[in-house]
Structure formats: C-alpha cells, structure tokens
Amino acid sequence: MVHRILIVTAVAAEADSVSAGLGVSGLDGPEHLPLPGGFALRRHTGGSVRADVLVGGVGPAAVAAATGTALAAASLKDADGGYDLVVSAGIAGGFPPVAPLGTVVVSGAVVAADLGAETPDGYLTVEELGFGRSSHPVAEALTGRIAAALAAGGLAHTVGPVLTVSTVTGTAGRAAALAERHPGAAAEAMEGFGVAEAAAAYGVPVVEVRAVSNAVGPRDRAAWRIGEALDALRRAFALLSSTVLVEPS
C-alpha cells in the first residue's frame, strides 16, 4: 500500500524547498494536478510514498480552504480513501531560547494562539468561552519519529507547541505575553491551525514542521535569515522523505 502525504505551505518559495527535499519525481519533476478553486498539487511519487505538495495561501482561513479542497478531492477520487498524514510546513519565527535561528521545529501541538477574547481579567481561550477548540495535539509517536530522523541527519531541531496567529508578533511585549500564555512555545506562524482544522474534519493526523527564520519579538527584517531557513526546510524534508514519509513496516 502506498503511504499518502499532503504537505501544505503558505507560499511557493516554501513549497519549492519542500519539493527540492523530496527530490525530483519523473523526468520533468513532480506532476502538477489541478484542484477546484484554482489550487494545484505537486505530486512526488517513488517507491512506497506519494507526497503531494500544496501552496495553500497565507493565514489560517486561506490555508484551511485549500487543505479542505485537497482532502475532499482525494477522498472522492482515491479508491483507497485519501491521505494518511497532513503536514503544515514552512518557515516561522522562533521563540528564543527554545528555537534559535536555523532550528527546525516539530509541533508537539498546533495552537491557535489568538483565537479567544481579551477581557479585563486577561485572555480567555475559545474553549473557556465555550466555543470549539484552539489546540490540536500531535501524537508523540509521530513527533518522536520526526525528531529522530532530524537528529540522525545532524539537523538542529526541537519539539514544542507551534502557535498560529493572524497577526505576526512585532513587539517584545506581545512576544512575552504569548510565551507566558503558552509555556514552551517554540515557534509562531500563520497557517498551522487552519491546516489542522481541515485535517481533523477528515480524520487525518496532522503535524507542523517549521524552520526558524527570525526571532519572535521586535520586527527587525535585517536580522531575518529566510534563505537559511528555507535551506533548513529543504534539508528536513530530504531526511524525512526516506524515513517518516514512507509506509511504516
């Protein structure tokens, strides 16, 4: 049986790094498959794995729509039931000292960090308000396999909560508030929770893999290391393509 993976990024540069890590599939690279809504999959095939890479857009709403579209199409078209795993992938801000620049972060949980309400007595999560959920835990068996593969390849990494926000943090005060509200938070990005919500609707496990390009805190574009983070993302998926992203024996 083929192990089927959907890997969702926000932008094309992240998808390019993931695809480069997965390796060329076919003489002309991965097959491009159109989806409803103007989306398209890059299909990488080889041996016992099929990895589809999807550029889903920026922010939780856009990427939830894209991920849901891909999952719906797979469940309708594939006789064997669609995907076995969904991965939210890309670059991110890291919370120092937990996740320094260049670190690859594996989500122990995918958390909607600003889905709730501010009150005079502090922040209330959406669970405390009585509406739904703001966190998707990731199975330790899965994060352990990913961490072991990264460690075997000598790639600096950490496992911890990855926060999803709709507004990127740009001040020390907000960074401190998020770190206090979410102990052990490792990274901040804008898409993971949207991917996780779509995956959960189809009963598919999800994990987030992020390479750190900048520190969460005061906005300082001169200090960003986007190229290095994209290369770390490529290296991560090169390591995972022959380990975690294959059918377990």
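Relevant structure appears above.
All of these numbers come straight from a predicted model, not from anything done at the bench. (Residues numbered from 1 in each chain as written. Predicted model: local features only at pLDDT ≥ 70, side-chain atom pairs only at ≥ 80, totals over all residues. Heavy atoms only, no water.)

A.B. asks: What exactly am I supposed to notice about helix H7 (residues 226–240) here?
C.D. replies: Residues lying three or four places apart along an α-helix face the same way, a consequence of the helix completing one turn every 3.6 residues. Here H7 is 15 residues long and its end C-alpha atoms lie 21 Å apart, about the 21 Å a rise of 1.5 Å per residue gives. Three or more residues of H7 are buried, namely Ala 229, Leu 230, Ala 232, Leu 233, Ala 236, Phe 237 and Leu 240. Angularly, the buried residues of H7 cover 155 degrees about the axis, an arc narrow enough to put them on a single face. Against strand E1 (3–9), helix H1 (12–22), strand E5 (85–94), strand E6 (104–112), helix H4 (140–152) and strand E12 (206–215) lie the buried residues of H7. (Helix = DSSP H or I, 4+ residues; strand = E, 2+ residues; numbered from the N terminus. Expected span 1.5 Å × (residues − 1). Buried < 20%, exposed > 50% of the residue type's maximum accessible area, 1.4 Å probe, protein only. Arc of directions from axis to C-beta. Contact = heavy atoms within 4.5 Å.)

A.B. asks: Explanation requested: helix H6 (residues 192–201) in the structure shown.
C.D. replies: Among the 10 residues in H6, seven count as buried, and that is most of the element. Three or more residues of H6 are buried, namely Gly 192, Phe 193, Gly 194, Val 195, Ala 196, Ala 198 and Ala 199. Gly 203, located one to two residues past H6, shows a positive phi value of around 70 degrees.

A.B. asks: Which parts of the structure should I look at to understand unusual backbone geometry?
C.D. replies: When glycine is set aside, most residues are seen to have a negative phi, and most peptide bonds are trans. In this structure, Pro 97 follows Pro 96 across a cis peptide bond, with omega equal to 0 degrees. Along the chain, Pro 97 turns up in the loop between E5 and E6.

A.B. asks: Hey, could you run me through empty space enclosed by the protein in this one?
C.D. replies: The probe, sized like a water molecule, is rolled over the atoms to show the empty space still left. By the definition in use, this model includes one cavity of 30 Å³ or more. Its volume calculated, the largest cavity comes out at about 30 Å³. In terms of lining, the largest cavity is formed by Leu 85, Val 87, Ile 146, Val 207, Val 209, Phe 237, Leu 240, Val 244 and Leu 245. Secondary structure elements with two or more residues in the lining of the largest cavity: E5, E12 and H7. (1 Å grid on protein atoms, 1.4 Å probe; cavity = no way out; pocket = protein on both sides within 12 Å on 5 of 7 lines; lining within 4 Å. Points joined across faces, edges and corners; volume = space filled by probe spheres on them.)

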